[in-house]
Amino acid sequence: MIEIELDGKKVEVAEGSMVMHAADKAGTYIPHFCYHKKLSIAANCRMCLVDVEKAPKPMPACATPVTQGMIVRTKSDKAIKAQQSVMEFLLINHPLDCPICDQGGECQLQDLAVGYGGSSSRYEEEKRVVFHKDVGPLISMEEMSRCIHCTRCVRFGQEVAGIMELGMIHRGEHSEITTVVGDTVDSELSGNMIDICPVGALTSKPFRYSARTWELSRRKSVSPHDSTGANLIVQVKNSRVMRVVPLENDAVNECWIADRDRFSYEALNGEERLTQPMLKQGGQWQTVDWQTALEYVANGLKQIKTDHGASAIGALVSPHSTLEELSLAGALVRGLGSDNIDHRLRHAEFRAAGGVRWLGTSVASLSELQRVLVVGSNLRKEHPLFAQRIRQAARKGAKVHAIASCAQLSDASAWAMTLGTTLKAEAGDWFQALADVAAAVAAETGANAPAAGQAHDAARAVAQSLLSGENKAVLLGNAAAHHADAERLLALANWIAQATGASVGYLSEAANTVGAQWVGAWPQAGGLNAGQMLAGGLKAAILLNNEPAFDSAAGLRAAQALGQAQMVVTLSPFKSNLEFSDVLLPIAPFTETSGSFANAEGRIQSFHAVVKPLGETRPGWKVLRVLGNLLGLQGFDFETSQDVLAKLQAGVGADGVAAIPAERLSNRAAEGLDLSAPAAAAAEPVTAAIYELDGLVRRAPSLQLTADGRKGNAVAAHSHADLRAEEVTA
């Protein structure tokens, strides 16, 4: 540690720190634009000039290393005059358009100009003009004359997103930030550039001119999409969600969120929102009141139980639903005497697991890994924030290896990070690829390999890498979890992890995949699994927050099978499943209900509604509670969603936050697996494209207009065309 004097106060900071870091520790604010704690130091705005004793001129606080006994003054005349001079130069070419700027009210330049700007300008020459650029449907670069060349956006692309989409061209006052070849900005983390831009150069295109920042109320929430559990601030005006930005939490999402977390709110106010209960009568949809709809469902379930037995009733539930909704859905089905409930809609294997599958380590520790083996994942598109953390580890020297299909490793930028050894293999060959790595590990350690494999050069390179270093992990992606040979892949991953001292875990697909397992949203006593239910095993189906045609491995075949049931009840915020449903019950999306999600590490994060439910929409847990009451079931007397969570008896994690009890978390493979048998013939596992993951992102217009959105739509359309062709052939 080094001690310096800062504005008369003694401050201790680590050797190698900058004056800016010392100021942060001391709680002293130094004005700045280009400095950002998560980005490299550029020192190109010069706004942070400070007075360092014995230095001949003011020094930039962000790029001046501390030395023992250094004396720094941030408020001296020398420092203030230097900062005022920099501000004068920054404002020379800046347009006077604060009243119409979307950044107005939350602009760093505006704030600092009040303290360091002059009351008039001495500049009389013509101001420069930078022409606007169209970089896609998410980011607006319409007023690039406002840019002050802090290069935060450029550094973000290089260092955090992993792909340099913006750069600076020309010199002097002709400098401008642009996509060099006129491309669009397509990173799945691109919206963070809007947040880190200190002026109004980069703004949100969907939010543009829709509200002023001081008109918005700000409320905390949690992302309902992937398994990161990103913390959000939802900004609201007149009971309408207007914007979503990140809430900083270093243990989860740091200060970043993915674009689907940021822009999926558009679907909340879309035309497809379901706002009243609906019944299908004579093939026509009719709106009804809640009492009529719920009594119809309750009476229908009773009748089907009487006629066909409780085993004819089942629930297909989405892992994007809250813990409370999933828990009550399970209680409802089991209260009727059935065990047919499942959240594993995209899975191809349904072996009973001994515990809750999870990440195997903390989310924050992904940034500190030194060796990583990722199996069956399109990491960057499926888990953008996990990929960002692993990318930071790679920047610090971590070796990242992958076993994945050619599509998942399509080109050098597929993961936007430097990869070590990659074993390209289609899904049916992943077991053999893991067996090869296990054989190489066994050859290096003298152990007996668990499966027949060949220690070829690539497998040996992965094995030697995993046997070196310290913090190590074997991570299974969505495709590995959905694989027809998923348990044997897990068993091999466990053997490799144990032999090399690594952790093993699942990256997990949805916001509540881990939570769904914990609350028992899968068959516990021999009930039908999702595959069996979607193949036509039910007379009455309850669909919670999902559209089987898009959210299941069965695809359009699921619609055909469910169409044979006597009653299908869809609980959804949207008008979905219209072709085969008999009842539509409008339940609240995450912004209109309270609830909890358990992320990949088992961290339970609760949230409250940020706006009133739209129309006659009701929270899903309340709808299920009332249904339980109408059916005369026990244990449906909850007053709040917190009461439901309390009954689940969550534990407390090491950092004091709610968490799934550690004894429930386990990535042990099922017993009795034969690892000596050759890999089973396996079809390509079903995974969702980045903007096809759930009903919210599928209905967000701006996300669907992105390059990833258009690509996902094309793939989905092709898959549905194949299924239709199969049906015609059959």
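Residues numbered from 1 in each chain as written. Predicted model: local features only at pLDDT ≥ 70, side-chain atom pairs only at ≥ 80, totals over all residues. Heavy atoms only, no water.

Draft legend 1. Summary view of the overall build of the protein chain. Scanning the protein chain from terminus to terminus reveals 23 helices and 29 strands. Here the protein chain has a C-alpha radius of gyration of 28 Å; the compact-globule value for 730 residues is 27 Å, and the two agree. The proportion of buried residues among the 730 residues of the protein chain is 59%. (Helix = DSSP H or I, 4+ residues; strand = E, 2+ residues; numbered from the N terminus. Rg over C-alpha atoms; globule rule 2.2 N^0.38 Å. Buried < 20%, exposed > 50% of the residue type's maximum accessible area, 1.4 Å probe, protein only.)

Draft legend 2. Representation of the UniProt feature "domain: 4Fe-4S Mo/W bis-MGD-type" (unreviewed entry) in the protein chain in the model. According to UniProt, the feature "domain: 4Fe-4S Mo/W bis-MGD-type" (unreviewed entry) maps to residues 216-272 in the numbering used here. Taken end to end, residues 216-272 is 9% helix and 35% strand, and its first and last C-alpha atoms sit 25 Å apart. (UniProt positions renumbered as here; feature names shortened; annotations may be inferred.)

Draft legend 3. Looking closely at helix α3 (residues 108-116). Every buried residue belonging to α3 is among Leu109, Leu112 and Tyr116, and all of these are buried. Looking straight down α3, one finds its buried side chains confined to an arc of 75°; they lie on one side. Looking at the packing, one finds that the buried side of α3 touches α2 (77-92). (Arc of directions from axis to C-beta. Contact = heavy atoms within 4.5 Å.)

Draft legend 4. View of the sheet that holds strand β12 (residues 231-237). With antiparallel pairing, the 3 strands of this open sheet are ordered in space as β11-β12-β13. Both outer strands of the open sheet, β11 (217-222) and β13 (240-246), are each paired with one neighbouring strand and no more. Shown here is a sheet whose adjacent strand axes are inclined to one another by a mean of 35°, direction ignored. Here β12 runs beside β13; their pairing, made up of 6 bridges, is antiparallel. Each bridged residue has a counterpart across the sheet, and for Lys237 the counterpart in β13 is Arg240. (Pairing = 2+ DSSP bridges. Axes fitted to C-alpha atoms, helices over the stretch in contact; angles between N-to-C directions.)

Draft legend 5. The arrangement of the UniProt feature "domain: 4Fe-4S His(Cys)3-ligated-type" (unreviewed entry) in the protein chain in detail. The sites that carry the UniProt feature "domain: 4Fe-4S His(Cys)3-ligated-type" (unreviewed entry) are, in the present numbering, residues 78-117. When the span residues 78-117 is considered, its composition is 60% helix and 0% strand, and the gap between its end C-alpha atoms is 16 Å.

Draft legend 6. Local environment of the sheet that holds strand β24 (residues 567-572). Taken in spatial order, the 7 strands line up as β15-β14-β25-β24-β23-β16-β17 in an open sheet, and their pairing is mixed. Strand pairing shows two members of the sheet lacking a second neighbour, β15 (284-287) and β17 (341-342), which therefore form its edges. Across 4 bridges, strand β14 (residues 278-281) lies against β15 in antiparallel orientation. Across the sheet, the residue bridging to Lys280 is Trp285, located in β15.

Draft legend 7. Here's a closer look at the layout of surface pockets. The space that makes up the second largest pocket amounts to roughly 780 Å³. Taken together, 30 residues form the lining of the second largest pocket, with Gln108, Ile194, Asp195, Ile196 and Cys197 sitting closest to its centre. Looking at which element gives the most residues to the lining of the second largest pocket, the answer is β13, with 4 residues. When the residues that make up the lining of the second largest pocket are grouped by side-chain class, the tally is 16 nonpolar, 6 polar and 8 charged. (1 Å grid on protein atoms, 1.4 Å probe; cavity = no way out; pocket = protein on both sides within 12 Å on 5 of 7 lines; lining within 4 Å. Points joined across faces, edges and corners; volume = space filled by probe spheres on them. Nonpolar A, V, L, I, M, F, W, Y, C, P; charged D, E, K, R; others polar.)

Draft legend 8. Quick peek at the pattern of salt bridges. According to the stated counting rule, one finds 36 salt bridges in the structure shown. Ionic pairing is found between Asp342 and Arg344, a salt bridge with its closest N-O pair at 2.8 Å. Exposure class is identical for Asp342 and Arg344. Each is buried. Notably, a salt bridge pairs Asp551 with Arg346, separated by 3.2 Å at the nearest N-O pair. (Salt bridge = Lys/Arg side-chain N within 4 Å of Asp/Glu carboxyl O.)

Draft legend 9. Quick look at the environment of Gly16. Along the chain, the position of Gly16 falls in the loop between β2 (9-13) and α1 (19-26). Spatially, the C-alpha atom of Gly16 lies 42 Å from that of Tyr265, the residues being 249 residues apart in sequence.

Draft legend 10. Up close: the pairing of strand β3 (residues 49-52). Side chains of β3 alternate between two faces, with Leu49 and Asp51 and Val50 and Val52 buried alike. Here 2 bridges tie β3 to strand β4 (residues 59-60), and the two strands are oriented antiparallel to one another. Across the sheet, Leu49 pairs through a bridge with Pro60, a residue of β4. In textbook terms, the turn of a hairpin is the stretch between consecutive antiparallel strands, and for β3 and β4 this stretch comprises 6 residues, one of which, Lys54, has a positive phi near 80°. Bridge count between β3 and strand β5 (residues 71-73): 2 bridges; the pairing is antiparallel. Its bridge partner lying in β5, Val52 is registered against Val72.

Draft legend 11. Local environment of the packing of α2 against α3. Viewed as axis vectors pointing N to C, α2 and α3 meet at an angle of 130°, and their least axial separation amounts to 10 Å. Taken together, the axes of α2 and α3 lie oblique to each other. Once α2 is placed against α3, the crossing between them reads as left-handed. Across the interface between the two elements, Ile80, Gln83, Gln84, Met87 and Leu91 of α2 pack against Leu109, Leu112, Ala113 and Tyr116 of α3. (Parallel < 35°, antiparallel > 145°, perpendicular 65-115°, else oblique. Left-handed = near helix turned anticlockwise from the far one by under 90°.)

Draft legend 12. Seen up close, the packing of aromatic side chains. Counted under the stated rule, the structure contains 2 aromatic pairs. Where Phe597 meets Phe607, the ring centres are 5.1 Å apart and the plane angle is 35°; that geometry is what we call tilted. A residue pair is termed long-range when its members are at least 10 positions apart, and Phe597 in strand β26 (residues 595-598) and Phe607 in strand β27 (residues 604-607) qualify at 10 residues. For Phe597, a relative accessible area of 3% gives the class buried. Assessed through its relative accessible area of 4%, Phe607 is described here as buried. (Phe/Tyr/Trp six-rings, centres within 6.5 Å; stacked < 30°, edge-to-face > 60°.)

Draft legend 13. Focus on the side chain of Gln517. By the element assignment, Gln517 lies in helix α15 (residues 513-518). Non-local contacts of Gln517, meaning those with residues more than four positions away in its chain, are made with His343, Gly355, Val356, Arg357, Trp522 and Arg664.

Draft legend 14. The arrangement of empty space enclosed by the protein in detail. Overall, the coordinates contain 6 cavities of 30 Å³ or more when judged by the stated rule. Space inside the largest cavity adds up to approximately 400 Å³. Contributions of two or more residues to the lining of the largest cavity are made by α13 (478-481), α14 (486-500) and α15. In terms of residue class, the lining of the largest cavity is made up of 9 nonpolar, 10 polar and 8 charged. As a volume, the second largest cavity reaches approximately 300 Å³.

Draft legend 15. Summary view of the packing of helix α4 (residues 152-161) against helix α10 (residues 384-395). Two elements in contact, α4 and α10, have axes separated by 9 Å at closest approach and are oriented at 90°. Here α4 lies roughly perpendicular to α10, going by the angle between them. Packed against α4, whose contacting residues are Gln158, Glu159, Val160 and Ala161, the element α10 presents Gln388, Arg391, Gln392 and Arg395 at the interface. The residue makeup of the contact of α4 with α10, split by class, is 2 nonpolar, 3 polar and 3 charged.

Draft legend 16. Looking closely at helix α20 (residues 641-648). Listing the buried residues of α20 in full gives Ser641, Val644 and Leu645. Around the axis of α20, the buried residues are gathered within 95° of arc, so they sit on the same side. Exposed side chains of α20 directed beyond 90 degrees from the buried face belong to Ala646 and Lys647. The inward-facing, buried residues of α20 contact α8 (323-335), β26, β27 and α19 (620-630). Two residues or fewer after α20 comes Gln649, characterised by a positive phi angle close to 55°.

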